[in-house]
Amino acid sequence: MQGLGEVGFGLARLMLGEGTQLIISEINNSTVNQFVREFPDAVESQQVKFLTDPDSIYDCQADIFCPCALRDILDETNLDRLLNAGIKMIGGPDNNLFPDQVKGPW
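All figures in this text were calculated on a predicted structure; none of them were measured in a lab.

Chemist: I tried to follow the packing of aromatic side chains on my own but got confused; where do I start?
Modeler: To describe a pair of aromatic rings, one takes the distance between the centres and the angle between the planes. Applying the stated rule across the entire model yields five aromatic pairs. Between the aromatic rings of Phe9 and Phe35, the centroid separation amounts to 5.3 Å while the plane-to-plane angle is 70°, which identifies the pairing as edge-to-face. In this pair, Phe9 sits in helix H1 (residues 6–17) while Phe35 sits in helix H2 (residues 29–38), placing the two residues 26 residues apart along the sequence. The pair Phe9 / Phe35 is uniform in exposure class, with both members buried. With a centroid separation of 5.7 Å and an interplanar angle of 85°, the aromatic rings of Phe35 and Phe50 are classed as edge-to-face. Taken together, the residues span a long stretch of sequence, with Phe35 in helix H2 and Phe50 in strand S2 (residues 48–50) at a distance of 15 residues.

Printed below as a string of structure tokens:
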């Protein structure tokens, strides 16, 4: 999951309720602290892992990539990184994902 804004935080809450393991990239420390206060058991049990390098989110092995932070993030390079990491689906986006919504890198 990329980002814990309104969409990402809510999506994380729902996914944790279903027992999903999450890898989260979030650059705002106060948001991370808020998340840890709300879900201490998930963090302590390592159901949730926070990345120290936000750019490494594209290389994490996972089934679903949830871009909930930035817009215009998917280009051929990042799509290749996600595919190499084994991502099967991109879901839950908050913003336009491709710099060119018409032509795109797809």
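Chemist: What should I look at first to understand the packing of H1 against H2 in this one?
Modeler: The relative placement of two packed helices comes down to the angle between their axes together with the axis-to-axis distance. Put simply, H1 and H2 touch, their axes get as near as 12 Å, and they point 25° apart. Comparing their axes, H2 and H1 come out roughly parallel. The chirality of how H1 crosses H2 is right-handed. Facing Phe9, Ala12, Arg13 and Leu16 of H1, the residues of H2 in contact are Thr31, Gln34, Phe35 and Glu38. Residues belonging to the contact of H1 with H2 are distributed by class as follows: four nonpolar, two polar and two charged.

Chemist: Any chance you could explain the side chain of Glu26 here in plain terms?
Modeler: Assignment of secondary structure puts Glu26 in the loop between strand S1 (22–24) and H2. We note that Glu26 is buried and unpaired, the nearest opposite charge coming from Arg37 at a distance of 13 Å. Within the structure, Glu26 has its side chain in polar contact with the backbone nitrogen of Leu4 (distance 2.6 Å). A polar side-chain atom of Glu26 sits 2.9 Å from the main-chain amide nitrogen of Asn28. Setting aside its immediate chain neighbours within four residues, Glu26 contacts Gly3, Leu4, Gly5, Thr31 and Val32.

Chemist: Explain the layout of surface pockets here, please?
Modeler: Empty pockets left among the atoms are what a rolling probe the size of a water molecule brings to light. Counted as a void, the largest pocket has a volume near 340 Å³. For the largest pocket, the lining is made up of 18 residues, of which Gln21, Leu22, Ile23, Ala62 and Ile64 are closest to its centre. For the lining of the largest pocket, the secondary structure elements donating two or more residues are S1 and strand S3 (64–65). Residues belonging to the lining of the largest pocket are distributed by class as follows: eleven nonpolar, five polar and two charged.

Chemist: Help me out: how do you make sense of helix H4 (residues 76–84) in this one?
Modeler: Three or four residues apart is the spacing at which side chains of an α-helix point the same way, because the helix has 3.6 residues per turn. Buried within H4 we find Asn78, Leu79, Arg81 and Leu82. For H4, the angular spread of the buried residues around the axis is 160°, confining them to a single face. Residues of H4 that are exposed and angled more than 90 degrees away from the buried face: Glu76, Thr77, Leu83 and Asn84. Structurally, H4 contributes buried residues whose contacts are with S3 and strand S4 (89–90). Where H4 begins, one side-chain oxygen reaches toward the backbone nitrogen of Thr77, 3.1 Å away; that side chain belongs to Asp75. Directly beyond the C-terminal end of H4, a positive phi value near 95° is found at Gly86.

What counts, and where the lines are drawn
- Residues numbered from 1 in each chain as written.
- Predicted model: local features only at pLDDT ≥ 70, side-chain atom pairs only at ≥ 80, totals over all residues.
- Heavy atoms only, no water.
- Phe/Tyr/Trp six-rings, centres within 6.5 Å; stacked < 30°, edge-to-face > 60°.
- Helix = DSSP H or I, 4+ residues; strand = E, 2+ residues; numbered from the N terminus.
- Buried < 20%, exposed > 50% of the residue type's maximum accessible area, 1.4 Å probe, protein only.
- Axes fitted to C-alpha atoms, helices over the stretch in contact; angles between N-to-C directions.
- Parallel < 35°, antiparallel > 145°, perpendicular 65-115°, else oblique.
- Left-handed = near helix turned anticlockwise from the far one by under 90°.
- Contact = heavy atoms within 4.5 Å.
- Nonpolar A, V, L, I, M, F, W, Y, C, P; charged D, E, K, R; others polar.
- Lys, Arg positive; Asp, Glu negative; His and termini not counted.
- Salt bridge = Lys/Arg side-chain N within 4 Å of Asp/Glu carboxyl O.
- Polar contact = N/O pair within 3.5 Å; in protein donor to acceptor, adjacent residues only side chain to side chain.
- 1 Å grid on protein atoms, 1.4 Å probe; cavity = no way out; pocket = protein on both sides within 12 Å on 5 of 7 lines; lining within 4 Å.
- Points joined across faces, edges and corners; volume = space filled by probe spheres on them.
- Arc of directions from axis to C-beta.

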